[in-house]
Amino acid sequence: MTELSGDMAGESETWSGHSKKATTELIQIHRGCADLRAGRPLIVRSGSDAVAVLAVDGLDQTMLDTFRQDVAAEPPHLLVTDRRAAAIGLTAYEATAVSLSPNATPEDLMTLSAGSEVKVGHTTSPGGTAEEAALEIAKCAELLPALIAAPVHPDAASLDPTPLVVNAETALDYRRQVAETLKMVAEAPVPLRGDIDSRFIVFRDIMGGTAVAVMVGQPDPKQPLRVRVHSACATGDIFGSRRCDCGDQLRLALERIDQLGGGCVVYLDQEGRGLGLANKLRAYNLQDLGLDTVDANTALGYHEDERDYTAAGRIVSQLGWRQIVLLTNNPTKIDALRAAGIEVSGRIPVLAPVNAENRRYLEAKAARAGHFLDQLGSGDGPVAAVSSVKAGSRD
Ligand SMILES: Nc1nc2c(ncn2[C@@H]2O[C@H](COP(=O)(O)OP(=O)(O)OP(=O)(O)O)[C@@H](O)[C@H]2O)c(=O)[nH]1
């Protein structure tokens, strides 16, 4: 039996490359996400600065009253991101504090946080690191990045249950750090429609999040791996939504990888470009009112694209490759994968059919986010023009 060293019980014990302290802090953020989703307050601390917060998304009057009475030391303000602030005509700071009327209801707060026609005359003040981190936790929880916030009541620690206290600096780097703990946990052969032989490999991180690599055929280990890094789209991939090109791209990518001699689809849990399904649907509603797919995200307080590709980098390297040829039309994805440590040596376009429902979405992707969507010029025309080209260049 191995004897525990002194270090094993102390600060330098490691689990998936993280010290015990760092792992505990990551777990606190994970719990903080769950607390915010459940309508519980959270305390975010950065040095001597601390802020108590409560999610607007899912808020009811009882939660709001309890927060005002027991958790907040002062009348709370609304905390939104700089993008949401700009959308409602306020000066933008990294995290923006919007003063509230003392009688503001959960409905008022929801309108301020996500409504399309909001007129505000509220003053603003710059938020600190703790407030910025609190908004990041709301995003990790796939909630609207909008929080009721206040200095912490001196008696908050004696509440039952006691609000969880989390570290702001850990929150700001949480997604990347957790993705770096992904490990293979199970695999099995799965024959796919279209006579495609595949092997599904499931990866799990220390918080229980999963990602899937679908290995198609027998790719040559001496050649760059053909990879489609695909972000989850429940509406498109599973149900065949015509609002986007996602389901068609997934199917085309699998077929193309198979035709070219094998490769991999890395399927990441990044629904709605990282916003989550509920917020993607909220963004759809804003698009139906006239915003495009980029502005709809920022009007909700998000970046136009919230995805982090650390997980993809980790998965490709665990599969044994450093160099890839990427199936994508998105130049930012190429840059982001390179930033995640993957050598991208070529690009294969994945051009899905255009239809009346997805045309506006695809046009916005081309015009606003620089996607190489050459099929747009040709009406409902050709699919899957495929050629290997220099990464980042048009074919
Ligand atoms: N927020 C938001 N997300 C959307 C919308 N339509 C589709 N999505 C999401 O956008 C993502 C698209 O993922 P991908 O197809 O992997 O990536 P891409 O940026 O389109 O780049 P490609 O590699 O060229 O396909 C998925 O997570 C979808 O759920 C939308 O209107 N708003």
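Residues numbered from 1 in each chain as written. Predicted model: local features only at pLDDT ≥ 70, side-chain atom pairs only at ≥ 80, totals over all residues. Heavy atoms only, no water.

Draft legend 1. Here's a closer look at the nonpolar core. Counting 30 residues, the largest nonpolar core has L36, L42, V44, V53, L79, I137 and L147 as the members making the most contacts within it. Breaking this core down by element, the ones donating at least two residues are helix 1 (20-37), strand 3 (42-46), strand 4 (49-55), helix 5 (129-140), strand 8 (146-150), strand 9 (164-167), helix 6 (168-172) and helix 7 (174-179). Ranked by residue count, the leading element in this core is helix 5, at seven residues. In this view, L79 contacts V53, A95, T96, A97, E131, A134, L135, P145, A146, L147 and A149; residues no more than four positions away in its chain are not counted. (Core = buried A, V, L, I, M, F, W, Y, C linked by side-chain atoms within 4.5 Å. Buried < 20%, exposed > 50% of the residue type's maximum accessible area, 1.4 Å probe, protein only. Helix = DSSP H or I, 4+ residues; strand = E, 2+ residues; numbered from the N terminus. Contact = heavy atoms within 4.5 Å.)

Draft legend 2. Representation of helix 4 (residues 106-114) in the model. Of the residues making up helix 4, those classed as buried are P106, L109, L112, S113 and A114. Along the long axis of helix 4, the arc covered by the buried residues comes to 165°, so they all point the same way. Where helix 4 is buried, its residues meet helix 2 (61-71), strand 5 (77-81), helix 3 (82-87) and strand 8. (Arc of directions from axis to C-beta.)

Draft legend 3. Summary view of the sheet that holds strand 15 (residues 323-327). Strands sit in the order 10-11-12-14-13-15-16 across an open sheet of seven strands; the sheet is mixed. Of all strands in the sheet, those bounded by a partner on one side alone are strand 10 (183-189) and strand 16 (343-348). Put simply, the sheet's adjacent strands are angled 25° from each other on average, direction ignored. On the sheet, helix 9 (residues 246-259) packs against strand 12 (210-216), strand 13 (225-231), strand 14 (263-268), strand 15 and strand 16 and is oriented at approximately 165° with respect to strand 13. Lying over the sheet, helix 13 (residues 310-319) contacts strand 10, strand 11 (198-204), strand 12, strand 13, strand 14 and strand 15, oriented at roughly 145° with respect to strand 14. (Pairing = 2+ DSSP bridges. Axes fitted to C-alpha atoms, helices over the stretch in contact; angles between N-to-C directions.)

Draft legend 4. Up close: the UniProt feature "domain: GTP cyclohydrolase II" (unreviewed entry) in the protein chain. The feature "domain: GTP cyclohydrolase II" (unreviewed entry), as annotated in UniProt, sits at residues 186-349 in this numbering. Helix makes up 37% of residues 186-349 and strand 26%, and the two end C-alpha atoms of the span are 30 Å apart. (UniProt positions renumbered as here; feature names shortened; annotations may be inferred.)

Draft legend 5. Structural detail: the pairing of strand 14. The buried fraction of strand 14 amounts to five of the six residues, a majority that puts the element mostly inside the structure. Across five bridges, the pairing between strand 12 and strand 14 is antiparallel. In the strand pairing of strand 14, V212 is matched with Y267. Both strand 13 and strand 14 contribute to a ladder of five bridges, which runs parallel. Across the sheet, residue H230 finds its bridge partner in strand 14, namely Y267.

Draft legend 6. How the structure looks around the site of the ligand. R228, R307, T328, K333 and K365 are the nearest of the 26 residues found near the ligand. At a separation of 3.3 Å, an oxygen atom of the ligand approaches a polar side-chain atom of K280. Measuring from an oxygen atom of the ligand, one finds a side-chain N or O atom of T328 at 2.6 Å. Structurally, the ligand is housed in the largest cavity. Taken together, the residues that form the shell around the ligand break down as seven nonpolar, twelve polar and seven charged. (Near = heavy atom within 4 Å. Polar contact = N/O pair within 3.5 Å; in protein donor to acceptor, adjacent residues only side chain to side chain. 1 Å grid on protein atoms, 1.4 Å probe; cavity = no way out; pocket = protein on both sides within 12 Å on 5 of 7 lines; lining within 4 Å. Sits in = over half its atoms within 2 Å of the grid points. Nonpolar A, V, L, I, M, F, W, Y, C, P; charged D, E, K, R; others polar.)

Draft legend 7. Quick peek at helix 15 (residues 359-369). Along helix 15, the residues that are buried comprise Y361, L362, A364 and K365. The buried residues of helix 15 occupy one face: seen down the axis, they fall within an arc of 160°. The inward-facing, buried residues of helix 15 contact helix 10 (271-274) and helix 12 (293-299). One or two positions beyond helix 15, positive phi appears at G370, with a value near 70°.

Draft legend 8. Structural view of the packing of helix 1 against helix 5. Closest axis-to-axis distance for the helix 1/helix 5 pair is 9 Å, and the angle between their directions is 75°. Considering their axes alone, helix 1 and helix 5 lie roughly perpendicular with respect to each other. Contacts from I29, G32, C33, L36 and R37 of helix 1 reach helix 5 at I137, A138 and C140. (Parallel < 35°, antiparallel > 145°, perpendicular 65-115°, else oblique.)

Draft legend 9. Representation of the pattern of salt bridges. With the rule as written, the count across this model stands at 20 salt bridges. R368 is the partner of D295 in a salt bridge, and the nearest nitrogen-oxygen pair spans 3.1 Å. In this pair, D295 sits in helix 12 while R368 sits in helix 15, placing the two residues 73 residues apart along the sequence. The shortest N-O distance in the salt bridge between R307 and D305 comes to 2.7 Å. Overall, D305 belongs to the partly exposed group, its relative accessible area being 26%. Linked by salt bridges that have partners in common, E136, K139, R175 and E306 make up one network. (Salt bridge = Lys/Arg side-chain N within 4 Å of Asp/Glu carboxyl O.)

Draft legend 10. Just the layout of surface pockets, in detail. Of the pockets and cavities examined, the largest pocket occupies roughly 730 Å³. Secondary structure elements with two or more residues in the lining of the largest pocket: helix 1, helix 5, helix 7 and strand 12. Looking at the lining of the largest pocket element by element, the count peaks at four residues for helix 7. Taken together, the residues of the lining of the largest pocket break down into ten nonpolar, six polar and nine charged. Considering the residues around the second largest pocket, the lining is formed by 24 residues, among which D237, G247, L250, R251 and L254 are closest to the centre. Put simply, the parts of the chain that give the lining of the second largest pocket at least two residues each are strand 12, helix 8 (234-238), helix 9 and strand 14. (Points joined across faces, edges and corners; volume = space filled by probe spheres on them.)

Draft legend 11. Geometry of the pairing of strand 13. Within strand 13, six of the seven residues are buried, which leaves it mostly tucked inside the rest of the structure. Of the strand pairs in this sheet, strand 13 and strand 15 are connected by three bridges, and their pairing is parallel. Following the sheet pairing, V227 is matched in strand 15 by L326.

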